[in-house]
Amino acid sequence: MSLAGPVPVFDPGEIFPDLEELRTRATEGDLPGALERLVAIGRGGASDQVTAWEVLAESDALDGPLTAHLAAHPDDRTARLLACLRRVRAGSDRAAALAAEQDLVRLVAEDRTDATAWFVRLVTAGAAGLGPSETRRRYERLRELAPEHSVAQRLMLRALVPAPGGAWDEVLAHVRLATADAPDGSPDWGLVPLLHLMRWHVESPAGETDYLRQPEVRSKLEEASERFTAAPCTSPYAAVEVHTDFAVATALAGQRGRSMKHFRALGPALAPGAWELAAAHRADLETVRGAAVAEGRRR
Amino acid sequence: MSVTETTVDGIPVFLADRDDGLCSGGLIFRVGWADETLAVRGLTHLVSHLALHQVVVGDPHQNVEIHDRYTHVYAQGSAQQVLNVLNGVCANLQQLPTHRIALESDALRAEEARRTEERRASPLLRYGAQGYGLASFPELGLPGIDADLVQLWADAAFTRENTVAWLAGEVAPGSLKMPLPEGERSTLPVVTSALGRPPMWFRDSTTDTLVVSGVVTPGPAAVVYTMLLGRALDRDLLDGDRISLSASATLEVRDAEAAVVTITADCLLQRRGGALAGAVVDAMARLRWGPLGAAEVTYAARAAAETHRAADATPDAARRRALDRVLGLAPEQPAWGPDDFVGLTPEHVRAVAEELHATALAQLPDLGLDWAGWNQIPMHSPRTVTGTEYPGRGYSDAVLVLGEDGVMVRTPRSRSTVAFDQVAIMQAYEDGGRWLVSTDGFQVQVEPTMYEVDDAAIAAIDAAVDLARVVRLSARRPEDLPRPRDTTPEQDAAASPEQRRAARDRRSWLRRVTGR
């Protein structure tokens with residue numbers, strides 16, 4: 001009998017009460033307060049901050065309050081930047097990214113030390129197809145300002161993924177560099193399962209899992225998983241995505257016990273990326289996830 | 001060191017000291033290639049070479065330079081050597097050795113072939129195939145220039161009213177002999193515009209160099225802006241992201257109302273793919289909107305004023321004063337001096353940054369700038385022609401259309417039109433080939449080997465084009481005639497994207513600019 005897991009919760013706002021509180025405040029009458037709080041979240045790290053920005057930018061209910069706020073306060077830098085990210089997320093196409101770009105040029109010109117502005121530019125570089133070296137330029141600028149930006153590391157990895165048949169050297173170098181000095185519990189260890197999931201996805205269009213089951217891949221996944229779980233994750237927000245990647249990659253690699261460990265840490269939470277990528281193996285994954293969560297309840 | 005002014009033979013002469021025992025001097029004529037039409041492109045250069053005949057022989061210190069608005073004959077050496085050159089040129093201009101036209105034309109064509117610097121499409125796209133836009137073209141008019149035209153041009157342009165001289169060192173101005181004819185003072189070339197909605201960009205993937213140019217108001221603010229922009233490029237492109245090996249911003253005063261800022265930056269091989277354009281856009285944006293303190297501007301202004309003062313203290317100051325005078329930039333005094341840099345504010349500098357952005361034209365080695373809100377240069381003629389259609393030969397999908405008011409080549413992807421009343425040049429080969437360039441820069445090649453055209457069609461084109469725009473050329477060798485496309489559309493489709501893009505860019509720009 002297969003155990004079904006709990007209904008997945010993908011929305012970071014539902015997973016983290018502080019993010020839900022921020023979203024409610026922004027969309028229900030106190031956008032200035034939410035913007036103030038948004039900046040404060042950033043004190044915990046630029047990478048965590050963008051998770052909060054993304055929660056707001058994904059919300060359709062933000063449009064009205066944000067438009068009204070900008071009409072009254074056209075110079076509010078945080079609101080202008082949020083409007084750029086909102087435009088990208090609402091449109092989710094090249095045209096939307098292009099429209100945001102022009103405002104971003106100005107925002108970065110006004111303050112080139114604003115890590116979040118560079119992060120949004122990194123997002124638009126990919127969405128608008130601005131070219132690999134421009135994407136890297138933005139990434140490097142961001143890394144100068146926020147060396148621990150794990151979300152940027154993941155974005156850059158995705159940008160480096162070659163077309164089918166292409167070389168993976170750059171991606172491997174990127175992951176090696178990012179994990180070389182990463183401490184235990186660092187979200188940067190999540191780049192390892194992400195790399196192998198991306199490579200599996202590109203090189204195994206039929207969905208067969210042979211690639212992930214190779215001994216050297218399993219060994220890399222195991223080592224990275226050990227390092228990631230050896231200490232509490234330095235970013236609770238980032239942990240959801242990293243645990244999901246590990247859970248999915250190790251399950252597909254046949255490392256069921258390790259996968260359960262990560263699903264257990266997630267509880268009902270999941271990040272959509274890897275979960276969607278492995279949609280063809282959903283039933284197997286649900287089984288592992290269900291068993292993990294059930295075991296977690298028993299403990 | 002001060003510059004003084006005197007007059008010899010009715011011509012102003014600016015004088016400066018020189019303390020190294022050498023002498024130098026020059027004649028600056030208010031005529032340059034921007035005064036020509038494309039059909040006589042090279043005429044000023046040819047006249048200058050004829051004027052130098054038996055005056056200067058292979059000495060790098062004595063030569064002639066043809067610029068857009070002026071021609072500069074200069075010499076350095078002993079007082080006698082300098083006088084020999086300047087007086088000799090003036091004497092030759094009275095009776096040019098026109099029997100040497102063919103020889104000198106060949107020499108100029110060889111000079112063109114040896115050019116190492118590429119001709120760029122930017123001037124053509126900004127100004128069209130006329131005036132300042134002729135910088136994009138080689139000297140296409142040379143084969144059609146005859147003795148009458150040469151002397152006519154010399155008499156009209158190389159006159160007393162259009163000439164200013166300068167001398168530096170121990171050379172007596174009274175020894176100059178400049179019996180130039182009287183004439184009308186020439187106005188500066190008309191500034192034409194072919195640029196639609198700047199800021200604009202175009203791609204030339206045959207080069208790794210990015211070039212951005214724009215027109216600003218000349219003056220100390222433009223000088224300081226260019227200096228700050230150069231520093232920003234240094235910081236971002238060379239030191240910071242290490243995108244380029246060289247990056248610079250220059251300022252050239254065009255006339256009393258306009259100066260051209262030009263950004264030039266190359267791209268390291270491993271940085272291809274958009275970063276160069278991104279970094280330049282950011283550097284430009286920072287001077288429009290970024291933090292710019294009064295102290296930073298004041299410091300740069302002081303440095304610029306010092307540079308200005310230092311330049312004023314060199315023998316070259318006489319040449320610069322002469323140039324200002326001949327261009328009408330400063331009838332009595334220098335256009336601006338070191339003291340004018342005092343009191344510049346960030347707002348002055350930002351105003352220049354806005355001007356540059358509003359008039360900018362970028363040549364990019366790859367990708368585009370639509371993301372930054374810049375518009376792509378149109379690749380199709382705005383005009384169409386209706387009339388008789390002549391299909392392309394071979395696998396070509398192009399159609400030549402000949403109407404009463406113009407000629408057009410149309411493919412499923414493009415359209416290039418030349419209206420007969422807008423012809424900048426028509427090269428007419430004895431073998432029947434015709435190459436027409438419109439003043440807006442679009443071109444049409446009418447080739448019997450490429451299209452199913454007959455003699456009557458060629459005759460109709462000849463009858464419709466102004467003779468003053470026609471350059472007649474001898475028949476080409478059969479192996480040099482253009483051939484119909486010998487690849488099928490399927491083979492074209494199989495080419496890599498890079499091959500296709502390179503081929504497209506080459507067709508669009510190089511052939512458009514050079515005719516090759």
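Residues numbered from 1 in each chain as written. Chains lettered and ligands numbered in written order. Predicted model: local features only at pLDDT ≥ 70, side-chain atom pairs only at ≥ 80, totals over all residues. Heavy atoms only, no water.

K.L.:
Sorry, what's going on with the nonpolar core here?
P.N.:
Considering soluble globular proteins, one finds that nonpolar side chains tend to be buried as a cluster. Leu142(A), Leu157(A), Val248(A), Leu252(A) and Phe263(A) are the most contacted members of the largest nonpolar core, which has 88 residues in total. At 10 residues, helix α14 (residues 236-252) of chain A tops the list of elements feeding residues into this core. Beyond its immediate sequence surroundings of up to four residues, Leu142(A) is in contact with Ala115(A), Trp118(A), Phe119(A), Leu122(A), His149(A) and Ala152(A). Listed in part, the 59 residues of the second largest apolar core include Leu210(B), Ala221(B), Val281(B) and Ala360(B). (Core = buried A, V, L, I, M, F, W, Y, C linked by side-chain atoms within 4.5 Å. Buried < 20%, exposed > 50% of the residue type's maximum accessible area, 1.4 Å probe, protein only. Helix = DSSP H or I, 4+ residues; strand = E, 2+ residues; numbered from the N terminus. Contact = heavy atoms within 4.5 Å.)

K.L.:
Could you clarify how one ought to interpret the packing of aromatic side chains in this entry?
P.N.:
To describe a pair of aromatic rings, one takes the distance between the centres and the angle between the planes. Tallied over the full model, the rule gives 5 aromatic pairs over all chains. Pairing Phe16(A) with Tyr237(A) gives two aromatic rings, centres 4.9 Å apart and planes at 70°, and the pair type is edge-to-face. One end of the pair, Phe16(A), is in the loop between α1 (12-15) and α2 (17-27); the other, Tyr237(A), is in helix α14, and 221 residues separate them in sequence. Assigned by exposure class, Phe16(A) and Tyr237(A) land together as buried. Lying over the aromatic face of Tyr132(B), Arg254(B) brings its terminal NZ or CZ to 5.3 Å of the ring centre. The side chain of Arg476(B) reaches across the aromatic face of Tyr429(B), ending 3.8 Å from its centre. (Phe/Tyr/Trp six-rings, centres within 6.5 Å; stacked < 30°, edge-to-face > 60°. Lys NZ or Arg CZ within 6 Å of the ring centre and 35° of its normal.)

K.L.:
Mind showing me how you'd approach empty space enclosed by the protein here?
P.N.:
Gaps left between atoms show up when a probe the size of a water molecule is rolled over them. Here the structure, examined in full by the defined rule, presents 3 cavities of 30 Å³ or more. Around the largest cavity sit Val108(A), Ala109(A), Arg112(A), Trp118(A), Arg137(A), Arg141(A), Asp236(B), Asp282(B) and Arg286(B), which together line it. If you list the elements that add at least two residues to the lining of the largest cavity, you get α7 (94-110) and α9 (132-145) of chain A together with α7 (275-289) of chain B. Here the residues of the lining of the largest cavity sort into 3 nonpolar, no polar and 6 charged. (1 Å grid on protein atoms, 1.4 Å probe; cavity = no way out; pocket = protein on both sides within 12 Å on 5 of 7 lines; lining within 4 Å. Points joined across faces, edges and corners; volume = space filled by probe spheres on them. Nonpolar A, V, L, I, M, F, W, Y, C, P; charged D, E, K, R; others polar.)

K.L.:
Explain the confidence of the model for chain A to me, please; I cannot follow it from the model alone.
P.N.:
Do not read the predicted coordinates in detail wherever pLDDT is low. Confidence in the prediction of chain A, expressed as mean pLDDT, is 91, and 97% of residues score 70 or more. Mean pLDDT across the elements of chain A ranges from a minimum in helix α17 (residues 282-298) of chain A, with 87, to a maximum in helix α13 (residues 215-229) of chain A, with 97. (pLDDT = per-residue confidence, 0-100.)

K.L.:
Help me understand the pattern of salt bridges in this model?
P.N.:
Applying the stated rule across the entire model yields 53 salt bridges over all chains. Close ionic contact of Arg89(A) with Glu58(A) constitutes a salt bridge, the shortest N to O distance being 4.0 Å. Of the two residues, Arg89(A) is situated in helix α6 (residues 77-91) and Glu58(A) in the loop between α4 (46-57) and α5 (63-72); the sequence distance between them amounts to 31 residues. In this structure, the salt-bridge partner of Arg325(B) is Glu5(B), at a minimum N-O distance of 2.8 Å. (Salt bridge = Lys/Arg side-chain N within 4 Å of Asp/Glu carboxyl O.)

K.L.:
Help me out: how do you make sense of the layout of surface pockets in this one?
P.N.:
Residue and element names in this part refer to chain B. The computed volume of the second largest pocket comes to approximately 1700 Å³. Elements represented by at least two residues in the lining of the second largest pocket include exactly α1 (43-51), β4 (62-66), α3 (101-114), α4 (122-127), β8 (209-216), β9 (247-253) and β10 (259-266). For the lining of the second largest pocket, a count of residues per class yields 18 nonpolar, 13 polar and 18 charged. Lining the lining of the second largest pocket are residues from two domains, each supplying at least three of them: domain 1 (4-175) and domain 2 (200-376). (Domains from an automatic or database assignment.)

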